[in-house]
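# Architecture at a glance
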Amino acid sequence: MAAAAGFGSNTYRNGAHRSSLKADGKSLAANPSFKSSSSGASSSASSSFKSRSLQFRKSSPAALGGGNGAAKDSGGVLGRVRVAVRLRPRNAEELVADADFADCVELQPELKRLKLRKNNWDTDTYEFDEVFTEAASQKRVYEVVAKPVVESVLEGYNGTVMAYGQTGTGKTYTLGKLGEEDTAARGIMVRAMEDILGDISLETDSLSVSYLQLYMETIQDLLDPSNDNISIVEDPKTGDVSLPGASLVEVRDQQSFLELLRIGEAHRFAANTKLNTESSRSHAILMVNVKRYLKEKDPVLTMENGSNSHSAKTFKAPIIRKGKLVVVDLAGSERIDKSGSEGHTLEEAKSINLSLSALGKCINALAENSAHVPVRDSKLTRLLRDSFGGTARTSLVITIGPSPRHRGETMSTIMFGQRAMKVENMLKLKEEFDYKSLSRRLELQLDKLIAEHERQQKASDDEIERIQAESEMRIAETERKYADALEKERMKYQKEYMESIKKIEEQLVGDQRKHDSDSATVAHNDSYSNGEVSSISALEEVANLKKLLEKETILKKAAEEELTNHKRQLYQSKLMEASATSEILKLHKLLEDESRQKEKLEGDIALLQSQLFQLSFDADERRRQLDRAGSGNDPNDLDCLTSQVKNSQLSDSENGEKASVAKLFEQVGLHKILSLLEADDADVRIHAVKVVANLAAEEANQQKIVETGGLMSLLNLLRSSDDETIHRVAAGAIANLAMNETNQELIMAQGGIRLLSTTAANAGDPQTLRMVAGAIANLCGNDKLQTMLRGEGGIKALLGMVHCGHPDVLAQVARGIANFAKCESRSSAQGTKTGRSLLIEDGALPWIVQNANNEASAIRRHIELSLCHLAQHEVNAKDMISGGALWELVRISRDCSREDIRTLARRSLASSSTFKAELRRLRMDY
């Protein structure tokens, strides 16, 4: 049986079976020595690939083609392209033809090195991130090369795994092996999908796949062969590359994914050459899109009012993380004289070599930090612009063969990998808010609030009706009681009156009878005297009766007056009832007015919060655009950033688009926006300070902000708030305002340096330190404030921030020191300053000398300017010589990339007698 033809031949393609890798007739997978060695090396190699401490942000080289990243946040994490090399065993032809020759490659996997023989005596040594021998298993290759990338994709980053090498060296075997008969032979594509499906939740998350091939500079859909000319679309805002015409298939299980791979492999172009019986004639690209929802619980606040309790939720938009895994199986590079390609196969080989050559040129440009990257020379480089120099985490496995006949191709592959290791990507998290889900939740909450309000309104109306009915019943009961009491009193007095009249009449009748009886029995002679006595007695009785009548009359009048009083009280009760009814109506109307006012205020608050959310989103988007726009120049130069903001706003106005910040500024007003800086809700304060920072980026708004008290509000936030996000954004806004000389004096007068220094001392986020350092750097450029700034600890605050070590922070510190040194140099020339530099007195010189040759151009340029300005004052010369600054000045005068700085360094050296004497003593020229 013929021996295997290498990894590229030992794959399942179009359903055809190919023999598994064997060496000396034994399966490499069954080699016990291999298992023991690979298990030990896997963990260490894997740990080298898992750079999980995503803490510091650094400006990366220009992305492939200079596109802007589309990350959710403006920060990023530096990540170098990781490169591993894999050696395939000799195939049947090589075992015969090269039997008398040693392998051209010698591997040292424990040292992660390989040696390429030039001849029998001389070798070249190369180091990689991992070196796999011919005995390395598919599992170990996946865990070292691809698994860290897959884990990053699950966390919300883009990732790329790519295989590069000569045709027939095992690229397709490494990436696309299905492993239907032997699961241990599964390639990176199958294993990656297993890990992704095992980590995501199919109930909430989504997973979709596209499978494409780049054939003869034409992008074709392997899942839909009729779609054979897919165009590449670039987002003008974010620079993202998309393929809107490609099939996007939802994947729910591993079996359906394997079926998609079978379909794609069946449609991929392959041909028989001298180097490979079934050579790939196209670049295969598998794109896996992962969309995950982060589960967060909303805080619930409880407020009690009497016996009723209400719950209020502070809603936050759910966060979506989107990651994209791109697995690229490149077609093998080949030499026409060795592959024997002719006719159409020859044209295919030319197209493959041209696209691989374009990719190599781009990687060379990125490795050398070239200003121009020829990304548009090929569709392959356009598709991979995010993988090299972009925002994706990239792992490259280069495959080589042992045959000395192909030493030239092996050398080319190794050098490709060496150059790729120099490419640095800026990993960016792909996060966004799910505003649609938040909107649905807010609508449900609004419906609940409306229903609750209607229920409370109905309960209030029912309560008012009940109180009114009870009042009417009480009034009716009172009236009835008064009427009954009056009737009883009237009947009582009438009965007493009748009884009194009757008694009087009876007494009169009895007196009359008694008088008649007495007059009949009295003698005639006494008739005169007795009659007179009787008359007197009768008169007395009449007088008594009159008195009784008068008394009864008085009692009657008293009863009538009491009746009148009762009627008056009844009338007053009716008046009180009418007044109570009127008061109830007023209260009811007042309650309705308050309800309408409450609804209006709720609407205003909802509108304002929605505007703040939108404005915060637009501000973050604008800040990302600024960071991306500044990546090609000096991202740490705030003057450059301000001009870019103006250009961006001018572009928006030319396109007929009005910035959302301007809309909110016109609709709400600056006073209301500034009042939200003191809101109780932390989210509202954060959004409000972002709005103010975005407004402060425009020079036209800065004076309005200061006049309205915005500067004082921002300084108060630094003084009173504990939220580092507020500190970071407020410091950025103060940095923008500090670009104006008048504002600089106000900041200093209000204790701004001390507040910024305190914020820097308490900050843990490099971005906060970058904003604070930028604000202090702007203040350092004011000649009038130098003494005050130094006296309040501004220089020490800048030097204290260098312990962070973040390149962006160091760039702002270097800029501040350069501004300060420039002002000192100008003051010395004008004669307004004498004595040593305040920078030297505060101990800044050692750090300046240490970073004079820093790798970051932004830091190095400002430090070089600082040294040149310090050297212009003779009194600083001795300190600079003892501190080692003279050597750096000489280097700058010779090797600096900028002509103006070289000239300034030479002039500084020539103008100082101390420097010239020291150079003569050292016998140095400059």
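Further up the page is the structure itself.
Residues numbered from 1 in each chain as written. Predicted model: local features only at pLDDT ≥ 70, side-chain atom pairs only at ≥ 80, totals over all residues. Heavy atoms only, no water.

### Quick look at the sheet that holds strand 5 (residues 105-108)
A sheet is described by the order of its strands in space; here 3 strands give the open sequence 5-6-7, paired in antiparallel fashion. With one partner strand each, in any of the chains shown, strand 5 and strand 7 (123-127) form the two edges of the open sheet. Averaged over all neighbouring strand pairs, the angle between strand axes comes to 20°, with direction disregarded. (Pairing = 2+ DSSP bridges. Helix = DSSP H or I, 4+ residues; strand = E, 2+ residues; numbered from the N terminus. Axes fitted to C-alpha atoms, helices over the stretch in contact; angles between N-to-C directions.)

### Quick notes on the state of the cysteines
One pass over the full model with this rule turns up 0 disulfides. Counting only cysteine sulfurs, Cys896 is the nearest neighbor of Cys868, a cysteine outside any disulfide, at a range of 7.6 Å. Judged by its relative accessible area of 4%, Cys896 is buried. (Disulfide = S-S within 2.5 Å. Buried < 20%, exposed > 50% of the residue type's maximum accessible area, 1.4 Å probe, protein only.)

### A few points about helix 32 (residues 913-922)
Looking only at helix 32, the buried set comprises Phe915, Glu918 and Leu919. Seen from one end, helix 32 has its buried residues packed into an arc of 100°, which puts them on one side. Of the exposed residues in helix 32, the ones pointing more than 90 degrees away from its buried face are Arg920 and Arg921. If you follow the buried residues of helix 32, they end up packed against helix 28 (857-871), helix 29 (877-882), helix 30 (885-895) and helix 31 (899-911). (Arc of directions from axis to C-beta. Contact = heavy atoms within 4.5 Å.)

### Brief notes about the pattern of salt bridges
The tally for this structure, following the rule as stated, stands at 35 salt bridges. Asp205 is the partner of Arg292 in a salt bridge, and the nearest nitrogen-oxygen pair spans 3.5 Å. Of the two residues, Arg292 sits in strand 17 (residues 283-294) while Asp205 sits in the loop between helix 5 (188-199) and strand 10 (206-215), which places them 87 residues apart along the sequence. Looking at Arg292, the relative accessible area reads 18%, which means it is buried. Looking at Asp205, the relative accessible area reads 6%, which means it is buried. For Glu234, the salt bridge goes to Arg385, with nearest N and O atoms at 3.0 Å. Here Glu234, found in strand 12 (residues 233-234), pairs with Arg385, found in the loop between helix 9 (379-383) and strand 21 (393-400); they are 151 residues apart in sequence, far enough to count as distant. Among the residues examined, Glu234 registers a relative accessible area of 24% and is labelled partly exposed. When its relative accessible area of 9% is taken as the criterion, Arg385 is described as buried. (Salt bridge = Lys/Arg side-chain N within 4 Å of Asp/Glu carboxyl O.)

### Things to note about the packing of aromatic side chains
Under the definition given, this model contains 1 aromatic pair. Ring centres of Tyr164 and Phe416 lie 3.8 Å apart, and the angle between their planes is 10°; on these two criteria the pair is classed as stacked. Of the two residues, Tyr164 sits in strand 9 (residues 159-165) while Phe416 sits in helix 10 (residues 407-420), which places them 252 residues apart along the sequence. (Phe/Tyr/Trp six-rings, centres within 6.5 Å; stacked < 30°, edge-to-face > 60°.)

### Topic: the pairing of strand 6 (residues 113-117)
On strand 6, burial follows the alternation: Leu114 and Leu116 on one face are buried, whereas Arg113, Lys115 and Arg117 on the facing-out side are not. Relative to strand 6, strand 5 is paired through 4 bridges, and the arrangement is antiparallel. Paired with Val105 across the bridge in strand 6 is Leu116. Hairpin connection, strand 5 to strand 6: the antiparallel pair is bridged by 4 residues, and Lys112 has positive phi, about 55°. In textbook terms, the turn of a hairpin is the stretch between consecutive antiparallel strands, and for strand 6 and strand 7 this stretch comprises 5 residues.

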